[in-house]
Amino acid sequence: GELVGLIGPNGAGKSTLFKSILGLVQPDAGRALAFGRPVREARDLIAYMPQIEEVDWDFPITVLDVVRMGRYHRFRPFQRWTAEDRDAAMDALERTQLARFAGRQVGQLSGGQRRRVLMARAIARGARLLLLDEPFAGLDAAVQHDLVEILDGLAQEGKAILVATHDLSCVANSCDEAVCLNRRVIAAGPSAEVLTAPVLTETFQRHLLTVPRTDLLQFVNDEHDRTGLGGED
C-alpha cells in the first residue's frame, strides 16, 4: 500500500537491488525475500518495468501484445491466450489511458505513451509488488503527474511499488517513503524525514541543499550553483 522512491547516484546499486529482488542476481551474503518467502517462490507476485532504453521499439508487435506479455507467467506450453488474459490486458490499457492504441505498433507511440505501455504490462501481470526502473526519466511534468496518479491508485489497492529514480523532487512530493542507496542503505523512512541535506550529501557524495519553494522541494548542488541561492531567490 505504499509508493517508495529508491534514489542514489549512478553505480549506487539500484539496478542490482532490483535484479536481486527478481532473483536474477544471487547475493554474496544474506538473502532476498518477497512477502516473507524466497524470491523463487514469489516470482508470480512481482512485476518489473525496465528502463525505456532496454526495449526494442522497432519490433513488429502491437501495444496489446506487449501488455499481454505480462501474463506469460501464467502460460503453459502450447497454451493460447485466454479471454481472461485479454480482459486483464485491456483493463491495464484502460487504466493507463492507452486502450485506443491497442492495435498500434508499439514503436509509433510517444515516449510518455511507451512508458505507460510498460506500466500497463506490469499491471496486467496482477502482481503485488511492482519494481519500476526510471519510469519518469525525460518526461515533462504533466506526463509525470499522470504516471504518479496511476501509481497512487495501485498503492491504494494495496500494491507495493518501488520506483528507482533520479527525480528527487518527485520522491519528495509523491512517494510515501524514500530509500537512499549508495552501495548500502544510507537512510530509509518517510520522505520528509529522509530527504535532508546531510542524508543527500552522504548519498551523492557532494553537498546538496534542500530549497523549499511553494509546495515543491527542489534540490540544488551548491558546488555548481552558488549564485542562484542569494538575495530574494
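This write-up is about the structure you can find in this document. (Residues numbered from 1 in each chain as written. Predicted model: local features only at pLDDT ≥ 70, side-chain atom pairs only at ≥ 80, totals over all residues. Heavy atoms only, no water.)

**A look at the pattern of salt bridges**
To keep it simple, the criterion reads: By salt bridge we mean one thing: a side-chain nitrogen of Lys or Arg within 4 Å of a carboxyl oxygen of Asp or Glu. Helix and strand assignments follow DSSP, with helices taken as H or I runs no shorter than four residues and strands as E runs no shorter than two, numbered in order from the N terminus. For each residue, the accessible area found with a 1.4 Å probe, counting protein chains only, is set against the maximum for its type, and the residue is called buried under 20%, exposed over 50%, and partly exposed in between.
One pass over the structure, following the stated rule, counts five salt bridges. Between Asp 65 and Arg 68 there is a salt bridge; the shortest N-O distance is 2.7 Å. Within this pair, Asp 65 and its partner Arg 68 are both found in helix H3 (residues 63–68), separated by three residues, close to a single helical turn. In this structure Arg 68 comes out as buried when scored by relative accessible area, which is 13%. Residue Glu 84 is joined to Arg 71 by a salt bridge in which the shortest nitrogen-to-oxygen separation is 3.7 Å. Placement of Glu 84 in helix H4 (residues 83–95) and of Arg 71 in the loop between H3 and H4 is noted, with a sequence separation of 13 residues between them. Salt bridges linked by common partners bring Arg 71, Glu 84 and Asp 85 together as one network.

**Digging into the packing of aromatic side chains**
For any pair of aromatic rings, the description consists of the separation of the ring centres together with the inter-plane angle of the planes. Convention followed: Stacked, tilted and edge-to-face are the three classes assigned to paired rings of Phe, Tyr and Trp, where Trp is represented by its six-membered ring and a pair needs centres within 6.5 Å; plane angles under 30 degrees give stacked, over 60 edge-to-face, the rest tilted. Charges are assigned to positions over rings by a cutoff of 6 Å between ring centre and Lys NZ or Arg CZ, combined with an angular limit of 35 degrees from the ring normal.
The final tally for this structure, using the stated rule, is one aromatic pair. A ring pair is formed by Phe 18 and Tyr 48, whose centres lie 6.4 Å apart and whose planes are at 85°; its orientation type is edge-to-face. Residue Phe 18 is located in helix H1 (residues 14–22), and its partner Tyr 48 is located in strand S4 (residues 46–49); the two are separated by 30 residues in the primary sequence. Tyr 48 sits in the partly exposed class, given a relative accessible area of 27%. Above the ring of Phe 35, the side-chain terminus of Arg 128 is found at 3.9 Å from the ring centroid.

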